[in-house]
Amino acid sequence: MTTYPKETIKLLIDGNLPWDQTKGIVSDHKDEDRFDKYVEVLQEQVSWKDKILLRLSDDLFIVEKGNDRLVKCRCGHEYGDYRENWKLNALIHVRETKKELDELYPYPSQPDPKMCEVREFCCPGCGTQLEVETVPFGYPLVFDFLPDLDTFYREWLGKPLKTSKEFKDLTYDVVKKWAEK
C-alpha cells in the first residue's frame, strides 16, 4: 500500500497537484492514517483550536467543542449543533425575479423565475458564500449532509469519539421552537 506524506495530502487538499498525481492518490487504496493526516492539514489551516471531526465544505466543518459537536465556519462563526441544518442560522439572499437571476445567469441557461428561486447562503461572521441552492418556491431548506459521526469514528476509524450523540435530524425541532414563540 502506498503511503503519502502529510505535505502531499496538503497539496492534494489545496488543489496544487497535477491531475495525474491527484487521480492516482484518490483512486488508490487509502493508507491507514490518511484521514488523520487530512484532518491535521485542515486543523493547521484554521485559526481556532476546536477539534475538526469532519469537513462539510471548503469553509464549513463539524467540530468538537467540549461535549458538543458544532458546525463552524473557517472564520470561527458557529452555527450550532451539527444535527440541525446550519442554513437556518446563515444569512440568506433569495433571487426570485428575472432581473435578480440575470445578475447570475446569462440567457438561456437561467432557471425559470416563474418556477423556482435561487438561495444564496452566506456566513454572518465573514460574509463568505457557503452554498447556493435552486429550488421550487416554498421548498424547505435542503439539508445537504447529516453524517453518522459515531458510526464513522467507531466502526470505520476504530477511534470512538469521547461522547456519543443520537443520530437524528434536529432541524424540525428548531423550526418547531421558532413557531412556538
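First things first, this report covers the structure right here in the doc. (Residues numbered from 1 in each chain as written. Predicted model: local features only at pLDDT ≥ 70, side-chain atom pairs only at ≥ 80, totals over all residues. Heavy atoms only, no water.)

Counting secondary structure elements, the protein contains 6 helices and 7 strands. In sequence order, the secondary structure elements of the protein are arranged as α-α-α-β-β-β-β-β-α-β-β-α-α. Here the C-alpha coordinates of the protein stretch approximately 55 × 45 × 30 Å along the principal axes. Here the protein holds 181 residues, and 36% of them are scored as buried. Taking the intrachain contacts of the protein between residues at least 6 apart in sequence as the baseline, contacts between residues at least 24 apart amount to 46%. Just so you have it, the protein exposes about 11000 Å², and 53% of that area is on carbon and sulfur atoms. The average position of the 28 basic charges and that of the 35 acidic charges among the side chains of the protein differ by 2 Å. (Helix = DSSP H or I, 4+ residues; strand = E, 2+ residues; numbered from the N terminus. Buried < 20%, exposed > 50% of the residue type's maximum accessible area, 1.4 Å probe, protein only. Contact = heavy atoms within 4.5 Å. Areas by Shrake-Rupley, 256 points an atom, 1.4 Å probe, with all protein chains shown as cover. Lys, Arg positive; Asp, Glu negative; His and termini not counted. Charge placed at Lys NZ, Arg CZ, Asp CG, Glu CD.)

Looking at the element boundaries, Thr171 is found in helix α6 (residues 171-180). Residue classification places Thr171 among the buried residues on the basis of a relative accessible area of 14%.

On to helix α5 (residues 149-156). Within an α-helix, residues lying three or four positions from one another point in the same direction, as the helix has 3.6 residues per turn. Among the residues making up α5, those that are buried are Leu149, Asp150 and Tyr153. End-on view of α5: buried residues confined to an arc of 100°, all on one side of the axis. In this structure, α5 carries Glu155 and Trp156 as exposed residues pointing more than 90 degrees from its buried face. Lining the buried residues of α5 we find α3 (34-44), β1 (51-55), β2 (60-65) and β3 (68-73). (Arc of directions from axis to C-beta.)

This paragraph deals with the nonpolar core. If you look at the biggest cluster of nonpolar residues, it comprises 32 residues, and the most contacted ones within it are Ile52, Tyr79, Trp86 and Leu149. When residues of this core are traced back to their parent elements, those giving at least two are α1 (6-13), α3, β1, β2, β3 and α5. Excluding residues that lie within four positions of it along the chain, Ile52 makes contacts with Val39, Leu42, Gln43, Val46, Phe61, Ile62, Val63 and Tyr153. (Core = buried A, V, L, I, M, F, W, Y, C linked by side-chain atoms within 4.5 Å.)

Bringing the environment of Tyr79 into the picture now. Looking at where Tyr79 falls in the secondary structure, it is placed in strand β4 (residues 78-81). For Tyr79 and Asn89, which are 10 residues apart along the polypeptide, the C-alpha to C-alpha distance reads 5.9 Å. If sequence neighbours within four positions are ignored, Tyr79 has contacts with Leu60, Val71, Cys73, Trp86, Asn89, Ala90, Cys122, Cys123, Pro124 and Leu130.

In spatial order, the strands read β1-β2-β3-β4; together these 4 strands make up an open sheet with antiparallel pairing. Unpaired on one side and paired on the other, β1 and β4 mark the two borders of the sheet. Averaged over all pairs of adjacent strands, the angle between strand axes in this sheet comes to 30°, irrespective of strand direction. With 4 bridges connecting them, β1 and β2 associate as antiparallel partners. Paired with Ile52 across the bridge in β2 is Val63. In this fold α3 packs onto β1 and β2, with an angle of close to 110° to the strand it touches most, β1. Across the sheet, α5 touches β1, β2 and β3, and the angle it forms with β1 is around 100°. (Pairing = 2+ DSSP bridges. Axes fitted to C-alpha atoms, helices over the stretch in contact; angles between N-to-C directions.)

This paragraph deals with the pattern of salt bridges. Applying the stated criterion to the full structure yields 22 salt bridges. Its salt-bridge partner being Glu117, residue Arg119 comes within 2.9 Å of it at the nearest N-O pair. According to the relative accessible area criterion, Arg119 is buried, its value standing at 5%. Judged by relative accessible area, which is 9%, Glu117 ranks as buried. The shortest N-O distance in the salt bridge between Glu133 and Arg119 comes to 3.0 Å. Residue Glu133 is found in strand β7 (residues 129-136), and its partner Arg119 is found in strand β6 (residues 116-122); the two are separated by 14 residues along the sequence. It is possible to trace a salt-bridge network through shared partners that takes in Lys87, Glu117, Arg119, Glu133 and Asp144. (Salt bridge = Lys/Arg side-chain N within 4 Å of Asp/Glu carboxyl O.)

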